[in-house]
Amino acid sequence: MKGIEIWGRDWENCAKEADFALLPLASFEYHGPMAPVGTDAALAMAFAEYAQARYRCVAYPPVFYTACPNKTKGAPTVSIDPPVMLSYLTNVLDGIYASGFSRVLILNAHDGNMGIGRAAAEAVHSDAHTLLVNWWELLTQEETERFFAGGGRGHGGPYELSCAWAALGQQAVGDAAYDLPSRKLAGRNVHVESKPPNFPRYAGRISAASTQTGREILKRAFAALDQAVQAWLAFTTEGGNGQ
C-alpha cells in the first residue's frame, strides 16, 4: 500500500494492520555512459513495488537525493552533504515510527546510504526494529560470479547496470567500448576514496551487461529479500528471538 494514497481518516487503521513501513533509499548519481542517472532510484523502486505486492506494508515515497562520494560527484550527480543527510534521514525515521509503526524496512540501492542508514536507525529513540537491506548484497559474490567474471560489482558495473535496465524495462546490452577495470577492492573492507586519478566515475566490464541477465538476477534477489523479511518478522514478533 502506498502511503501517499491513504486518506487521513484511514491512516491509523492502515498503520495498525501493516506489518511494517517501507522506506526506499536511492540517489541521483552518474553511473557511467550507458547507465541511467536514476540507476539507484530505479532499483529502489523496483524492490519497493515487489515488497508492496508481497507484504502487508505501507510504502513511503523514496528518498531520491542522498550523499554521494567525492569520486562520483560532477554533472549530473546531485549530492547532499553527509551530516545534512544523516540529520534528514533520522528525522524521516522518527516521523515514520511516530506514525504508528514498530518496524521499518529500509530498501537501499546506494552504497553511500549504508553508513548513514545504520547511523540514522541507531539514532531513533523508540521501541523500533529497523532492517536495512542493501539490494546488491542479497546475492553473494559466488552467486554473481555465475553471471559475471569477478562478480561485476564495480560502481556502474555490469551487475548494477543489468538490474537497472531490467527495473526500468530498458532493452539493452553493454558496449565493449566502455569496458574498464573493476576497481573493486576485494575482501571485507571499507575503502573510502576521495578522487582517484583518472577514474571516470564508473568501472567494470560493461560489455557483459544485459537486460535479460538483470531480470534473472532480480528474481533471485527478490527471493532472497523474502527470506530476509520473513526471518526479520519472526525475530521481531512477541515471543520471538528478538524479544
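For the structure, see preceding data.
**Examining the nonpolar core**
1) Next: By size, the foremost hydrophobic cluster in this structure holds 34 residues, and its most contacted members are Phe20, Leu22, Phe47, Leu107, Trp135, Leu138 and Leu225.
2) Next: Ranked by the residues each element gives to this core, the list is headed by helix 7 (residues 211-235), at nine residues.
3) Next: Every residue in contact with Leu107, bar those within four places of it in the chain, is listed here: Leu22, Leu23, Pro24, Leu25, Ala44, Phe47, Ala48, Ala51, Val133 and Leu225.
4) Next: Of all hydrophobic cores here, the second largest spans 22 residues; its members include Ala18, Ala21, Leu23 and Val63.

**Some thoughts on the sheet that holds strand 3 (residues 103-108)**
1) Next: Read from one edge of the open sheet, four strands run 2-1-3-4, paired in parallel fashion. Of all strands in the sheet, those bounded by a partner on one side alone are strand 2 (57-59) and strand 4 (129-134). Between one strand and the next, the sheet's axes are offset by a mean angle of 25°, whatever the strand orientation.
2) Next: Here helix 3 (residues 82-98) sits on the sheet in contact with strand 1 (20-25), strand 3 and strand 4, set at roughly 160° to strand 1.
3) Next: Of the strands in this sheet, strand 3 and strand 4 are in contact with helix 4 (residues 114-123), which crosses strand 4 at around 175°.

**Comments concerning the packing of aromatic side chains**
Ring pairs (aromatic) are described by centroid distance and by the angle formed between their planes.
1) Next: Scanning the model with the defined rule gives eleven aromatic pairs in all.
2) Next: Relative to Phe101, the ring of Tyr60 has its centre 6.2 Å away and its plane inclined at 75°; by these criteria the two rings are edge-to-face. Placement of the pair is Tyr60 in the loop between strand 2 and helix 3 and Phe101 in the loop between helix 3 and strand 3, with a sequence separation of 41 residues.
3) Next: Here the aromatic rings of Trp135 and Tyr159 are separated by 5.1 Å at their centres, their planes lie at 40°, and the arrangement is tilted. Remark: Tyr159 occurs in helix 6 (residues 158-168) and Trp135 occurs in the loop between strand 4 and helix 5 (141-145); sequence separation between them is 24 residues. Both residues of the pair, Trp135 and Tyr159, count as buried.
4) Next: Through a chain of ring-to-ring contacts, three or more aromatic side chains come together here, namely Phe47, Tyr50, Trp135, Tyr159 and Phe222.
5) Next: Sitting over the face of the ring of Tyr30, Arg201 holds its NZ or CZ atom 4.2 Å from the ring centroid.

**As for empty space enclosed by the protein**
1) Next: Throughout the structure, instances matching the rule amount to one cavity of 30 Å³ or more.
2) Next: Approximately 40 Å³ is the volume found for the largest cavity.
3) Next: Together, His31, Gly32, Pro33, Met34, Ala35, Gly156, Leu161, Tyr178, Tyr202 and Ile206 line the largest cavity.
4) Next: Split by residue class, the lining of the largest cavity holds seven nonpolar, three polar and no charged.

**Considering the pattern of salt bridges**
Pairing between side chains of opposite charge can happen when the charged atoms of each approach one another.
1) Next: Applying the stated criterion across every chain yields a total of five salt bridges.
2) Next: A salt bridge links Arg54 to Asp226; its shortest N-O distance comes to 3.4 Å. Of this pair, Arg54 sits in helix 2 (residues 39-54) while Asp226 sits in helix 7, and the two are 172 residues apart along the sequence.
3) Next: Here Glu122 makes a salt bridge to Arg118, at a shortest N to O gap of 2.8 Å. Within this pair, Glu122 and its partner Arg118 are both found in helix 4, separated by four residues, close to a single helical turn. Comparing Glu122 with Arg118, the two get one shared label, exposed.

**Focus: the side chain of Thr213**
1) Next: Considering the arrangement of structural elements, one finds Thr213 in helix 7.
2) Next: If we skip the residues at most four places from it in the chain, Thr213 touches Phe147, Phe148 and Ser162.

Definitions and limits used
- The residue numbering used here restarts from 1 in each chain and proceeds along that chain's sequence as written.
- Per-residue local features of the predicted model are confined to residues with pLDDT of at least 70, and side-chain atom pairs are confined, for both listing and counting, to 80 or more; whole-chain, interface and lining totals are unaffected and use all residues.
- Hydrogens and waters are ignored; side-chain quantities use all the structure's heavy atoms.
- Buried Ala, Val, Leu, Ile, Met, Phe, Trp, Tyr and Cys residues form a nonpolar core when they are joined through side-chain atoms within 4.5 Å.
- Throughout, exposure labels follow a simple rule: accessible area from a 1.4 Å probe, protein chains only, divided by the maximum for the residue type, with under 20% read as buried, over 50% as exposed, and the rest as partly exposed.
- Helical segments are the DSSP runs of H or I of at least four residues, strand segments are the runs of E of at least two, and each set is numbered from the N terminus.
- Whether two residues are in contact is decided by their heavy atoms: any pair within 4.5 Å suffices.
- The criterion for strand pairing is that DSSP finds at least two bridges linking the strands in question.
- Lines are fitted to the C-alpha atoms to define the axes, a helix being fitted only along its stretch in contact, and any angle between axes, read from their N-to-C directions, falls within 0 to 180 degrees.
- Working definition: a ring pair exists when centres of Phe, Tyr or Trp rings (six-membered ring for Trp) sit within 6.5 Å. Plane angles under 30 degrees give stacked, over 60 give edge-to-face, the rest tilted.
- Charge over a ring is defined by NZ of Lys or CZ of Arg lying within 6 Å of the ring centre and within 35 degrees of the ring normal.
- The distinction between a cavity and a pocket rests on a 1 Å grid over the protein atoms alone: a 1.4 Å probe fits inside a cavity but cannot get out, while a pocket stays open yet meets protein on both sides within 12 Å along at least five of seven lines, and a residue with an atom within 4 Å of a point counts as lining.
- Grid points are joined across faces, edges and corners, and a volume is the space filled by probe spheres set on the points.
- Only Asp, Glu, Lys and Arg are considered charged, only Ala, Val, Leu, Ile, Met, Phe, Trp, Tyr, Cys and Pro nonpolar, and every remaining residue, Gly among them, polar.
- Basic side-chain nitrogens of Lys or Arg form a salt bridge, by our definition, when they fall within 4 Å of a carboxyl oxygen of Asp or Glu.

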